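Observations on chain architecture
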Amino acid sequence: SQQGEEDPQALSIQEGENATMNCSYKTSINNLQWYRQNSGRGLVHLILIRSNEREKHSGRLRVTLDTSKKSSSLLITASRAADTASYFCATVSSASKIIFGSGTRLSIRP
Amino acid sequence: ETGVTQSPTHLIKTRGQQVTLRCSSQSGHNTVSWYQQALGQGPQFIFQYYREEENGRGNFPPRFSGLQFPNYSSELNVNALELDDSALYLCASSSTSEDIQYFGAGTRLSVL
């Protein structure tokens, strides 16, 4: 079973709009990471946030982490057609277990 | 490109056969993790190897086994293949067990 559950499962927005994806998890973590995957290919790391951090930015990406609610969100601002992909959160625990969520499929309409 | 290479890219096997998938880690990485990704799902953690020892395992039966070699390359072996083993198998390397995972492009296994 997967610890992370992403919401929504699918998201379709107009180019230029912002996209927000949420991730909830169940157990305590050392860090939480977000990855992107283009269809049928390997995953690419986007951003890592540690359990003692609340917010992190990288370019057009903004990640928040609320350990009391066991949730994280990924915001992509000013979306582009090239952002079309599946996005996954992954939690890393002290047991060196890396658990991915079920993913959000993001489609950017031109 | 991540520098993590997997072979083969595609593979077709029949039920009951055995398969070996290979992964070359990115230079400088001593940790490798394997994942199974069914269509439309997130990657499921199979196991992780650190310095040639298993360092964490997901909910997969013993017929899924692995090896890590002194040069940190790795193999995933699956015995007695079942139809449900059809999936994309992803290898990822990292410099520590908690660190950023660098993924290969995967091996797509079809079991008929």
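Preceding this section is the structure that the text describes.
The following paragraphs examine the structure supplied in this document. (Residues numbered from 1 in each chain as written. Chains lettered and ligands numbered in written order. Predicted model: local features only at pLDDT ≥ 70, side-chain atom pairs only at ≥ 80, totals over all residues. Heavy atoms only, no water.)

Here we come to the pairing of strand 9 (residues 85-92) of chain A. All names here are of chain A. Taking burial as the measure, the eight residues of strand 9 include eight buried ones, the bulk of the element. Burial along strand 9 is two-sided: Ala85, Tyr87, Cys89 and Thr91 and Ser86, Phe88, Ala90 and Val92, pointing in opposite directions, are all buried. Here strand 4 (residues 31-37) pairs with strand 9 via seven bridges, running antiparallel. By the bridge assignment for strand 9, Gln33 is matched with Ala90. Pairing between strand 9 and strand 11 (residues 104-109): three bridges, direction antiparallel. Residue Ala85 lies in a different strand from strand 11, and its bridge partner there is Leu106. Pairing analysis gives three bridges linking strand 9 to strand 10 (residues 98-100), with the strands arranged antiparallel. By the bridge assignment, Thr91 is partnered in strand 10 with Ile99. (Buried < 20%, exposed > 50% of the residue type's maximum accessible area, 1.4 Å probe, protein only. Helix = DSSP H or I, 4+ residues; strand = E, 2+ residues; numbered from the N terminus. Pairing = 2+ DSSP bridges.)

Turning our attention to the interface of chain A and chain B. At the interface, 22 residues of chain A touch 25 residues of chain B. Buried surface at the junction of chain A and chain B, summed over both partners, amounts to about 1800 Å²; 49% is from carbon and sulfur atoms. Seen at the junction of chain A and chain B, the total is zero salt bridges. At the boundary of chain A with chain B, the tally comes to two residue pairs in polar contact (both at pLDDT 80 or more). Only strand 4, strand 5 (43-50), strand 9 and strand 10 of chain A provide two or more residues apiece to the side of chain A that touches chain B. (Contact = heavy atoms within 4.5 Å. Buried area = accessible area lost by both parts, 1.4 Å probe. Salt bridge = Lys/Arg side-chain N within 4 Å of Asp/Glu carboxyl O. Polar contact = N/O pair within 3.5 Å; in protein donor to acceptor, adjacent residues only side chain to side chain.)

Attention now goes to the pattern of salt bridges. All names here are of chain B. Across all of its chains, the model carries seven salt bridges over all chains by this definition. For Arg57, the salt bridge identified is with Glu54, shortest N-O distance 3.3 Å. The partly exposed category is assigned to Arg57, whose relative accessible area is 25%. Here Glu54 falls in the partly exposed class, since its relative accessible area comes to 40%. The network of salt bridges with shared partners includes Arg63, Glu82 and Asp85.

This part is about the sheet that holds strand 7 (residues 61-66) of chain A. Residues and elements named next belong to chain A. The strand order 1-3-8-7-6 describes an open sheet built from five strands, whose pairing is antiparallel. Each having just a single partner strand, strand 1 (5-7) and strand 6 (55-58) make up the two edges of the open sheet. Going across the sheet, the axis of each strand differs from the next one's by a mean of 15 degrees, ignoring polarity. (Axes fitted to C-alpha atoms, helices over the stretch in contact; angles between N-to-C directions.)

Residue and element names in this part refer to chain B. Ordered by their spatial adjacency, four strands build an open sheet running 1-3-8-7, and the pairing between neighbours is antiparallel. Where the open sheet ends on each side, the last strands, each with one partner, are strand 1 (5-7) and strand 7 (64-68). Shown here is a sheet whose adjacent strand axes are inclined to one another by a mean of 20 degrees, direction ignored.

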